[in-house]
Amino acid sequence: MLTLTTNAAQAIRDLTATAPQPESSGIRISAKGPEADSLVLSLATGPEPADEVVEKEGARVYLDQTAAVALGDKALDAGETAEGGLSFTVTEQP
């Protein structure tokens, strides 16, 4: 199952703090097409019916079935870009 680093959890909480439904809001990772070679990250007010839910420290990630399989042994991390923006990175689990 996908794991979240502390940095990713904080970034997700920051992104969803002002959402209309912060208690259920999170990010959703879904496949762009039938294969997992292109994944899309978006803000979500809650999970879709078949989504896998990953939660850490109040941060929620919703994964569609294709993304859940592709990211099953990965970790999601977050950091700041050189321009001061937010960047999510998928890495191997420690």
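Residues numbered from 1 in each chain as written. Predicted model: local features only at pLDDT ≥ 70, side-chain atom pairs only at ≥ 80, totals over all residues. Heavy atoms only, no water.

(A) Highlighting unusual backbone geometry. Positioned with a positive phi, Glu 57 is a non-glycine residue whose angle comes to about 50°. Summarising the element assignment, Glu 57 is placed in the loop between strand S4 (52-56) and strand S5 (59-63). (Helix = DSSP H or I, 4+ residues; strand = E, 2+ residues; numbered from the N terminus.)

(B) Expanded view of the side chain of Ser 25. Mapping Ser 25 onto the fold places it in the loop between helix H1 (6-16) and strand S2 (26-31). At a separation of 2.6 Å, a polar atom in the side chain of Ser 25 contacts the main-chain carbonyl oxygen of Gln 21. Residue contacts for Ser 25: discarding those within four places in its chain leaves Thr 16, Ala 19, Ala 44, Thr 45, Arg 60 and Tyr 62. (Polar contact = N/O pair within 3.5 Å; in protein donor to acceptor, adjacent residues only side chain to side chain. Contact = heavy atoms within 4.5 Å.)

(C) Highlighting the side chain of Asp 64. Mapped onto the elements of the fold, Asp 64 is located in the loop between S5 and helix H2 (65-70). Buried and without a salt bridge, Asp 64 has Arg 28 as its closest oppositely charged side chain, separated by 4.8 Å. Of note is the side chain of Asp 64, whose polar atom sits 3.3 Å from the backbone nitrogen of Thr 66. Apart from residues lying up to four places away in sequence, Asp 64 is in contact with Arg 28, Ile 29, Ser 30, Ala 31 and Asp 51. (Buried < 20%, exposed > 50% of the residue type's maximum accessible area, 1.4 Å probe, protein only. Lys, Arg positive; Asp, Glu negative; His and termini not counted. Salt bridge = Lys/Arg side-chain N within 4 Å of Asp/Glu carboxyl O.)

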